Structures are given as structure tokens and as C-alpha cells.
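# Reading the structure
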Amino acid sequence: MSRRIALIPAAGHGSRFGSATPKQYLLLNGRPLLAHTLDVLCGCAGIDDVAVVISPGDEWFDGFAWPGRVQVLRVGGASRAESVANGLAALAADEDDWVLVHDAARCCLSPDALQRLLDDVGDDAIGGILAQPVADTVKQGKVGRIAATVPRDGLWLAQTPQMFRAGLLAEALQDAANPAITDEASAIELLGHAPRLVVGEAQNFKVTWPGDLALAGAILAARKGLQA
Ligand code: CTP
Ligand code: MG
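Residues numbered from 1 in each chain as written. Chains lettered and ligands numbered in written order. Predicted model: local features only at pLDDT ≥ 70, side-chain atom pairs only at ≥ 80, totals over all residues. Heavy atoms only, no water.

## As for the overall build of the protein chain
Heads up, the condition is: Every helix listed is a DSSP run of H or I at least four residues long, and every strand listed is a run of E at least two residues long, numbered separately from the N terminus. Throughout, the radius of gyration refers to the C-alpha atoms, and the reference size of a globule is 2.2 Å times the residue count to the power 0.38. Note on exposure labels: buried denotes an accessible area under 20% of the residue type's maximum, exposed denotes more than 50%, and partly exposed covers the range between, all computed with a 1.4 Å probe on protein chains only. Any two residues whose heavy atoms approach within 4.5 Å at even a single point are treated as in contact. We score Asp and Glu as negative and Lys and Arg as positive, and we do not count His or the chain ends. One atom stands in for each charge, and that atom is NZ of Lys, CZ of Arg, CG of Asp or CD of Glu.
For the protein chain, the count of helices and strands is six helices and eleven strands. The C-alpha atoms of the protein chain give 17 Å as radius of gyration, which agrees with the globular expectation for 228 residues (17 Å, within 12%). Along the three orthogonal principal directions, the C-alpha set of the protein chain runs to about 50 × 40 × 35 Å. The burial tally for the protein chain puts 49% of its 228 residues in the buried class. Long-range pairs, those at least 24 residues apart, make up 68% of the contacts in the protein chain with a sequence separation of at least 6. Side-chain charges in the protein chain split into 19 positive and 26 negative, and the spacing between the mean points of these groups amounts to 9 Å.

## Quick notes on a nonpolar patch on the surface
The condition is simple: Only residues whose relative accessible area exceeds 30% and that form no salt bridge are eligible for patches; like-charged ones are grouped when within 9 Å, while nonpolar side chains (Val, Leu, Ile, Met, Phe, Trp, Tyr) are grouped when within 5 Å. Surface exposure here means Shrake-Rupley accessible area, sampled with a 1.4 Å probe, where a residue is shielded only by the protein chains that are shown. Any carboxyl oxygen of Asp or Glu that lies within 4 Å of a side-chain nitrogen of Lys or Arg is treated as forming a salt bridge with it.
A grouping of Trp-156, Leu-197 and Val-199 is seen on the molecular surface, where their side chains present a nonpolar patch of about 260 Å² in accessible area. Topologically, Leu-197 is positioned in strand β11 (residues 196-199). The exposure class of Leu-197 is partly exposed, given its relative accessible area of 46%.

## Some points on the nonpolar core
Definition in use: Among buried residues, those of type Ala, Val, Leu, Ile, Met, Phe, Trp, Tyr and Cys that are joined through side-chain atoms within 4.5 Å constitute a nonpolar core.
Ile-8, Leu-34, Ile-47, Val-50, Val-52 and Leu-114 are the most contacted members of the largest nonpolar core, which has 30 residues in total. Mapped onto this core, the elements with two or more residues apiece are β1 (4-9), α1 (33-42), β4 (49-53), β6 (98-101) and α3 (111-121). Among residues more than four places away in sequence, those in contact with Val-50 are Ala-6, Ile-8, Leu-38, Leu-41, Cys-42, Arg-69, Val-70 and Gln-71.

## Regarding the site of ligand 1
To keep it simple, the criterion reads: Consider each residue's heavy atoms; a residue with any of them within 4 Å of a molecule or strand counts as near. Polar contact criterion, stated in full: a pair of N or O atoms within 3.5 Å, where within protein one must be able to donate a hydrogen and the other to accept it, and residues adjacent in sequence count only if both atoms are side-chain atoms. Amino acids outside the nonpolar list (Ala, Val, Leu, Ile, Met, Phe, Trp, Tyr, Cys, Pro) and the charged list (Asp, Glu, Lys, Arg) are all regarded as polar, and Gly is one of them.
Around ligand 1, the structure places 19 residues, and the nearest of them are Ala-11, Gly-14, Ser-15, Arg-16 and Ser-83. One nitrogen or oxygen atom from the main chain of Gly-12 is found 3.0 Å from an oxygen atom belonging to ligand 1. Residue Arg-16 places a main-chain N or O atom 2.8 Å away from an oxygen atom belonging to ligand 1. Burial of ligand 1 by the surrounding chains reaches 89%, relative to a free accessible area of 560 Å². For the shell around ligand 1, the class distribution of residues is six nonpolar, eight polar and five charged.

## Structural notes on the sheet that holds β11
Going by this rule: Whether two strands pair comes down to DSSP finding at least two bridges between them. Only the stretch in contact is used when a helix axis is fitted, and all axes are lines through C-alpha atoms; the angle between N-to-C directions ranges over 0 to 180 degrees.
Read from one edge of the open sheet, seven strands run β5-β4-β1-β6-β10-β7-β11, paired in mixed fashion. Sheet topology places β5 (70-73) and β11 at the edges, where each strand pairs with a single neighbour. Within the sheet, the average angular offset between the axes of one strand and its neighbour, ignoring direction, is 30°. Two strands pair when backbone bridges link them, and β4 and β5 are joined in this way by four bridges, in the parallel orientation. Paired with Val-52 across the strands is Val-72, a residue of β5. Against the sheet, α3 engages β1, β6, β7 (127-133), β10 (156-165) and β11, with an angle of about 145° to β11.

Structure (C-alpha cells):
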């Protein structure tokens, strides 16, 4: 029986966020952002193992307490794709094991959306991702002026987790330095496959800009309040 392994790239510097401490280690409701992300994956009965990829020079991880069953891989690379490829190599997973790659910065993933991904991908031949249909009108433009309006019909915003078999993902990420690989699905698509799209949720956004932190904190606090 193949395992399901969550692999969380957390080796970024958060240049858009702009804080001295990488955003994954900023405190959110009293705990590092990454701890909230790990809680969801560690709390899912359908996930067998949880591994986090941090930078070899990481100065923050050891200063916090983390959920018990988290494996730490100090093999982060220059790009997200390289961090994932290095982490995958360090996992020594079986070819048929599922790997769920999830951004450390998406700390508001809900247990329901995670379960929906597991259920909908099931034993799909390729795998799939959480994604959100584009809700806003999409503009194309440069230097502050609109060049065109792009029909949003059929457009989706890719989220994570992105769930693929370890063997196929390793093959897809062989050229992890390829700038066209911006997520796992794009690497799989370059092999000619069509991953499944599973409807995600707006709350599963990626903390990217400074203002995102307060929103994430409010979502997590509200969820705890509802569960209490
Ligand atoms: N990531 C990583 N290794 C890298 C770059 C990014 O593991 N070399 C991780 C980040 O830690 C994050 C996830 O990939 O959890 C998504 O990346 P992003 O939100 O872009 O984070 P950063 O790259 O840190 O931010 P920025 O692009 O603003 O610098
Ligand atoms: Mg980045």
C-alpha cells in the first residue's frame, strides 16, 4: 500500500514580505506561521508522514517547538522547485508513494479542503492540485496601463497541496532549475500529463505581502473560535 507523504518547502527568504525573519517563522497568534501549516497536515489521518524542507543555513527552526511527527530535511535550494526536488530525493520514498507538496506559507489550508484533495485525486493515474477559479476580471498590462482584458473563463489560480506519485514527480523535477517550473503541476504538464483540478478555497492563500499576516491570523483565530 502506498504511503501519503506531505512535503513542505520552507526554505524561502520571503523577499516580497520584506521582514528580517523569513515569513514562515513570524509569530501568528503566538506561534510561528509554519507551525499552523504543519498542524493541518499532521492532524490529517490520511497522511502518513510529514517532512519539512528548510535551508541548510536556517537559523530559526531550532528555536521553536514543532508537532512531534515532523521530519526535518535541511536541503533547501535556490528556488522553490529545487527545494522540493532536494526534499524529494532526501525522502527516499517508494515510486508509488503519494507526495503532497504544500507551501509553508499557506497556513490557512482547512482540513476539509485537504480531505477533498485526497478524496478527489484518489488513485488517479497522474495526480492533482487544489486550485481556485478566478473570480475577478483579469487585466493584462505593463507600466500601469491596461493592454487587454483576458477572459477569465477556464482560468484557475493554482494552490497547494499538489499531489503526485513520488516517481513521476522526481522525473518531472529533474530539471528543477527550469524557470517554466513554478509549481509541481507545471513540471508534470511539461511531461505531457494533465493533472486533476480540485476546487480549493479562497482562505488557502499564500502569505506573501506584509498585510497578509493579519488576515491569516484572523482566519485561524475565527476557526479556533468556531471549534471551541
Ligand atoms: N521556498 C523554498 N525554497 C526556496 C523558495 C521558496 O522552500 N528557495 C518555499 C517558501 O518557504 C514558501 C513556498 O516555497 O513556503 C512558497 O514560496 P513563496 O511564497 O514564494 O515564498 P518565498 O520564496 O520565501 O517568498 P518570495 O518569493 O517573496 O521571496
Ligand atoms: Mg518565492
